[in-house]
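Listed here are the chains, written in short residue letters.
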Amino acid sequence: MTDLRARERVFDGIAVSPGITIGPAYVHAREAIEVEERILEPDLVEQEVASLHEAIERSERDLNKIIAVTREKLGEDSAEIFEAQRLMLFDDAVRGEAERCIRRDRFEASYALHRVMQRHRKILEASGNDYFRERAHDLQDVEDRIIRHLRRGRLISAVDPSHIVVSENLTAADIILFSRRGILGCAMDYGGLTSHVSIMARSLGVPAVVSLHGLAGSISTGDVLVLDGLRGRVVVNPDDATLEAYRKRKDRFERLRAEEKSLVHLEPETIDGHRVRLEANLELRDEVSFVAEYGAQGIGLFRTEMLFLVEGRLSVSEEDQFRIYQAVVSAVAPAPVTLRVLDLGGDKLLPVAHREHNPFLGWRGIRVLLDKPDLLMPQLKAILRASAFGNVRILIPMVTDVGEVRQVRALLARAREELRSEGRAFADNVPVGVMVEVPSVALLADRFAAESDFFSIGTNDLTQYALAVDRGNDLVSKLFRDLHPAVLHLVRKTLEAAKRRGIPVSVCGELAANLRAVPILVGMGVDTLSMSPVYLPGVKRVIRSMSKEEGQLLAREALESDDADEVAARLDRWLEEHGCGVPFLVDSRNGH
Ligand code: PEP
Ligand code: MG
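Quantities reported herein were computed from a predicted structural model and do not represent experimental measurements. The residue numbers shown here count from 1 along each chain, following its written sequence. For this description, chains carry letters from A and ligands carry numbers from 1, given in the order in which they are written. Given that the model is predicted, a residue must reach a pLDDT of at least 70 before its local features are reported, and side-chain atom pairs must reach 80 or more before they are shown or counted; all residues, however, enter totals for whole chains, interfaces and linings. Calculation of side-chain values draws on the structure's entire complement of heavy atoms; hydrogens and water are dropped beforehand.

Our next topic: the overall build of the protein chain. Strands here are runs of E lasting at least two residues and helices are runs of H or I lasting at least four, both read from the DSSP assignment and numbered beginning at the N terminus. The helix and strand inventory of the protein chain stands at 24 helices and 16 strands. To get the radius of gyration, use the C-alpha atoms; to get the globule rule, take the number of residues to the power 0.38 and multiply by 2.2 Å. Over its C-alpha atoms the protein chain spans a radius of gyration of 26 Å, differing by no more than 12% from the 25 Å that the globule rule assigns to 592 residues. Taking the principal axes of the C-alpha coordinates as reference, the protein chain spans close to 80 × 75 × 40 Å. Note on contacts: a residue pair is in contact if any heavy atoms of the two residues lie within 4.5 Å. Considering only contacts within the protein chain whose residues lie at least 6 apart along the sequence, 70% involve residues at least 24 apart. Using a 1.4 Å probe, accessible areas were evaluated by the Shrake-Rupley method; residue-level cover was limited to the displayed protein chains. Accessible area of the protein chain: about 24600 Å², with a carbon and sulfur share of 49%.

What the 8 strands build is an open sheet, ordered β1-β8-β7-β3-β4-β5-β6-β2; its pairing is mixed. Edge strands, defined here as strands with exactly one partner in the open sheet, are β1 (9-12) and β2 (14-17). Taken over all neighbouring pairs, the strand axes of this sheet differ in orientation by 30° on average, direction set aside. When DSSP finds two or more bridges between two strands, those strands count as paired. The pairing of strand β4 (residues 164-167) with strand β5 (residues 185-188) spans 4 bridges and is classified as parallel. Paired with I164 across the bridge in β5 is G185. What counts as an axis is a line fitted to C-alpha atoms, over the stretch in contact for a helix, and the angles between N-to-C directions run from 0 to 180 degrees. Where helix α7 (residues 196-204) meets the sheet, it contacts β2, β5 and β6 (208-210), and its direction lies at approximately 50° from that of β2.

This part covers the coordination of the magnesium ion (ligand 2). Only nitrogen, oxygen and sulfur atoms within 2.8 Å of the metal, or 3.2 Å for Na, K and Ca, are treated as donors, and water is left out, so sites may look incomplete. At the metal site, the magnesium ion (ligand 2) is ligated by E437 (OE) and D461 (OD), and these contacts range over 2.0 to 2.1 Å. With E437 in the loop between β13 (432-436) and α16 (439-443) and D461 in helix α18 (residues 459-467), the pair connects residues that are 24 residues apart, well separated along the chain. We note that E437, like D461, is buried. In this scheme, a residue with accessible area under 20% of its type's maximum is buried, one over 50% is exposed, and one in between is partly exposed, where area comes from a 1.4 Å probe on protein chains only.

Take the buried Ala, Val, Leu, Ile, Met, Phe, Trp, Tyr and Cys residues and link them wherever side-chain atoms come within 4.5 Å; each set so joined is a nonpolar core. Core analysis: the biggest nonpolar cluster contains 103 residues, and F455 and L529 have the highest contact counts within it. The greatest single-element share of this core, amounting to 8 residues, is contributed by helix α14 (residues 373-386). Beyond its immediate sequence surroundings of up to four residues, F455 is in contact with V434, V436, A445, F448, A449, T494, A498, I503, P504, V505 and S506. Membership of the second largest hydrophobic core comes to 30 residues, among which are V49, A55, V94 and F107.

This is how it looks when you write it as structure tokens:
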């Protein structure tokens with residue numbers, strides 16, 4: 001009988017972070033919370049107690065955020081439920097007993113905690129009183145929360161480096177932890193090109209493929225995988241011929257990467273002398289070196305919320321933020337740094353007590369910050385202080401109404417006043433820009449242009465909101481077409497309004513790195529393209545192969561097309577004719 005597990009199988013998905021990697025799988029299961037009795041080696045006992053403390057502290061941080069949000073959104077009564085849970089965390093009958101149980105019985109922390117909690121729950125449930133029965137549920141919640149924190153650290157630290165992590169779904173925070181373990185790549189059943197976990201994988205340089213439908217459930221840790229983060233494919237148990245073909249492909253890609261480095265010092269200029277600015281999207285402070293390495297002319301988008309994710313908390317003080325922004329701004333000065341204020345919500349987890357049914361249509365971006373000036377004010381002050389060290393711009397995410405821009409400007413004026421009275425230095429006239437990512441802004445771009453110093457078009461969200469396609473939902477990932485003529489019309493409308501007002505426009509969504517889109521965007525008159533640094537050389541190659549006039553023609557054709565397929569087919573021909581059609585690179589931007 002043939003060994004089915006050893007047979008080669010191919011899974012196709014969406015390429016979200018370039019690179020080809022070959023290695024054993026590590027299947028990361030987000031299993032239901034079950035605890036087993038496990039006895040520790042004596043020398044691990046104190047470490048286990050420390051892990052319990054850490055998990056309790058993390059749980060407290062979760063609950064603090066939940067309490068704050070609940071109090072504000074649902075009122076004091078609802079917040080009390082979570083306040084009670086917070087108190088349970090530190091009750092000696094819970095924490096102290098679990099600790100004693102670890103030391104006395106050498107139980108693992110999760111099992112010790114489970115035993116202690118179970119005893120308390122039984123007493124409450126047996127009371128016959130509704131109020132106490134409810135409290136038993138709370139105890140279960142508290143237990144689950146602590147165990148999740150214990151597990152997360154443990155599961156992630158169990159990964160051997162040199163493995164490819166396979167999971168149904170990961171968060172942006174998970175991928176940060178995995179990348180610190182030095183994993184080779186990452187494959188997920190769910191997700192899309194513009195999910196934040198995908199954006200993070202790109203930043204961290206971890207080759208990744210998402211939307212693989214059922215891969216995680218059908219393989220085992222140790223199975224050999226080929227992960228092709230250019231074509232969007234994972235091969236399980238590759239045979240010898242496949243392995244050989246992929247080794248060659250990997251070499252070719254790496255050679256091309258090395259060759260592309262020769263473009264780093266060349267100007268992003270069309271053959272008829274039209275210059276475009278190329279800037280970098282960064283998520284992490286450590287990535288600043290990529291600006292010089294890939295020849296970026298500045299930072300077009302710094303997603304500051306990712307810094308907060310790395311820190312694992314939302315309340316990073318003004319001082320700590322200032323130090324981070326100052327380091328980034330000084331490192332690239334005099335080139336500009338566009339610091340986007342926190343864009344929380346959507347798939348960038350905001351710890352809310354009640355799950356939003358439509359988080360992308362919910363409490364997100366500037367909506368959160370205007371409701372919570374205690375988050376926005378320290379950030380504005382930290383950014384202003386960093387402006388004394390270089391060239392800073394402030395960018396507002398998820399804007400829908402002109403009034404939101406005005407409110408941010410008023411808070412900025414207050415931040416300046418406070419800094420003045422504290423005797424702090426900051427630059428005058430730090431430009432304030434608006435993310436064009438909700439169609440209402442593109443449609444009323446004239447009015448927004450009057451209130452903004454620049455526009456930055458976020459095509460990831462603009463596409464999601466214009467086409468009604470959840471950017472992270474793999475069931476509709478085929479419909480997520482950022483080259484859709486409807487999206488391009490919104491881009492054009494934005495550009496026209498900006499030109500009338502004389503303000504610059506950049507595109508900072510993934511469309512900017514889509515080789516097919518580059519001639520169209522340049523033709524339409526976009527001033528700056530900002531993207532993950534790895535894509536900059538390839539985009540520069542396209543710019544240097546085109547004329548502005550050709551771009552204008554292609555843009556006109558694209559705007560008149562019926563759908564995204566027609567646009568893509570036309571641009572594929574053009575890229576091929578202009579020697580930019582390196583097959584696997586074009587594939588890499590073409591997961592749909
Ligand atoms: C966008 O929406 O295109 C964008 C750049 O912002 P983010 O991907 O962080 O939502
Ligand atoms: Mg966005």
